[in-house]
Amino acid sequence: MNTTAVPDTGEPAVRKNSPGAVRGPRRPGRARRTALPYLLLLPALLLEILIHLLPIVIGVVMSFKELTQFYLRDWGAAPWRGLDNFRFAVDFDTPAGESLLKSFTTTCLFTVLSVGLCWLLGTAAAVFMQETFKGRGFLRALFLVPYALPVYAAVITWAFMFQRDNGLINHVLHDQLGLTDSPSFWLIGDNSFWALLIVSVWKGWPFAFLIIMAGLQNIPNELYEAGALDGAGVWQQIRKITLPSLRSVNQVLVLVLFLWTFNDFNTPFVLFGKSAPEAADLISIHIYQSSFATWNFGAGAAMSVLLLLFLLLVTGVYLFFTSRGRKASDA
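Residues numbered from 1 in each chain as written. Predicted model: local features only at pLDDT ≥ 70, side-chain atom pairs only at ≥ 80, totals over all residues. Heavy atoms only, no water.

Student: Lay out the overall build of the chain in plain terms, naming residues and giving numbers.
Tutor: Along its length, the chain carries 14 helices and zero strands. Counted from the first residue to the last, the chain has its helices and strands arranged as α-α-α-α-α-α-α-α-α-α-α-α-α-α. Relative to its 331 residues, the chain shows a buried fraction of 32%. (Helix = DSSP H or I, 4+ residues; strand = E, 2+ residues; numbered from the N terminus. Buried < 20%, exposed > 50% of the residue type's maximum accessible area, 1.4 Å probe, protein only.)

Right, here's the structure in full:
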């Protein structure tokens, strides 16, 4: 091994990172480059605080107050109720608690059906669109129209179509096909649940189609070719190749669809107005009615906080089990 002798100058050697080392002046350009990313993020952070975090904090504070119409001018002067608003909301022996529980049950059923149908239709359309055929680009654009349309314009159009006397739905089902004995009421009664479900699925499945179609682009064609050589049919390829390869995509997609659907307020509000029928009384509309119809904003804020805690709990449990299943499959 070749060594290089260091001349002895009689002075103690000073290491580069030792406390006695003399560091050169820090360049101002490097400091600006280091701070630039944080400065660019600052406007987004301020908007996030003003638009999301601050209203959440205010809503949590309101849930502990007896905030009624008498304290709207100065809601900070409302009496402090502590947990009484929460006890009032979850007391299922009272009419208010019983109606909240029924609305919660309806929302859970509606969310499961809507998310399941959105995922099923989106997956089927995305797998179908993987094949090359004439007019595929036009169909892709057509499938995304419900997702691209403004929510209010789309739901108002559906509200006109669901009209009993002059709506398109009854015109086709009753007048042309003769499937019903009389024109049906779609925006009141038990049919209102199915009308809301149809609009929700029509509006939400293109998002699932878009996400799954993007996920299918990452699956190598060699896997399907190898499966075809082994004698796997179409359904076996979907079950053994497509769905396992889309596991991570589906996990995120289902969670996003669940949160969007469970919190959906615009669709039932535009479709039914301020008071939804009992069969379609989603919890978002129920909280709105509890706040603005009775002017009991403290109880409405408590219900909103309970809804937030429920969604956080479901999200945490879902992420825990999906991450554990992902680790088990990777191992």
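Moving on, there is more to tell.
Student: I'd love a proper account of the pattern of salt bridges, names of residues and values included.
Tutor: Taken as a whole, this structure holds three salt bridges when the rule is applied. A salt bridge links D84 to R87, with the nearest nitrogen and oxygen atoms 2.7 Å apart. Remark: R87 and D84 occur in helix α2 (residues 84–90); sequence separation between them is three residues, near one turn of the helix. Its relative accessible area of 32% is what places D84 among the partly exposed residues. Salt-bridge contacts for D165 lead to R164; the nearest nitrogen and oxygen are separated by 3.0 Å. (Salt bridge = Lys/Arg side-chain N within 4 Å of Asp/Glu carboxyl O.)

Student: Could you give an account of unusual backbone geometry, with specific residues and numbers?
Tutor: Positioned with a positive phi, W295 is a non-glycine residue whose angle comes to about 60°. As for its placement among the helices and strands, W295 is situated in the loop between α13 (283–292) and α14 (297–330). Taking relative accessible area as the criterion, W295 reaches 39% and is therefore assigned partly exposed.

Student: Describe the packing of helix α6 (residues 151–161) against helix α8 (residues 191–216), listing the residues and the values that go with them.
Tutor: Helix-helix packing is characterised by the crossing angle of the two axes and by the distance between the axes. Viewed as axis vectors pointing N to C, α6 and α8 meet at an angle of 140°, and their least axial separation amounts to 11 Å. Comparing their axes, α8 and α6 come out oblique. Seen from above, α6 lies across α8 with right-handed handedness. Taking contact as the criterion, the partners of V151, A154, V155 and W158 in α6 are, on α8, I198, V199, W202 and K203. Class assignment for the residues of the contact of α6 with α8 results in seven nonpolar, no polar and one charged. (Axes fitted to C-alpha atoms, helices over the stretch in contact; angles between N-to-C directions. Parallel < 35°, antiparallel > 145°, perpendicular 65-115°, else oblique. Left-handed = near helix turned anticlockwise from the far one by under 90°. Contact = heavy atoms within 4.5 Å. Nonpolar A, V, L, I, M, F, W, Y, C, P; charged D, E, K, R; others polar.)

Student: Residue-level account of the packing of aromatic side chains, with values.
Tutor: Under the defined criterion, the tally for this structure stands at 24 aromatic pairs. Ring centres of F143 and W205 lie 5.3 Å apart, and the angle between their planes is 65°; this geometry places the pair in the edge-to-face category. Placement of the pair is F143 in helix α4 (residues 136–143) and W205 in helix α8, with a sequence separation of 62 residues. Here F143 and W205 have matching classes, each one buried. What links up through ring pairs into an aromatic cluster is the set F265, F269, Y288, F292, W295 and F297. (Phe/Tyr/Trp six-rings, centres within 6.5 Å; stacked < 30°, edge-to-face > 60°.)

Student: Which residues make up the side chain of S291, and what values go with them?
Tutor: Within the secondary structure layout, S291 lies in helix α13. Within polar-contact distance, the side chain of S291 engages the backbone oxygen of I287 at 2.9 Å. (Polar contact = N/O pair within 3.5 Å; in protein donor to acceptor, adjacent residues only side chain to side chain.)

The values are spatial; any link to function lies outside them.
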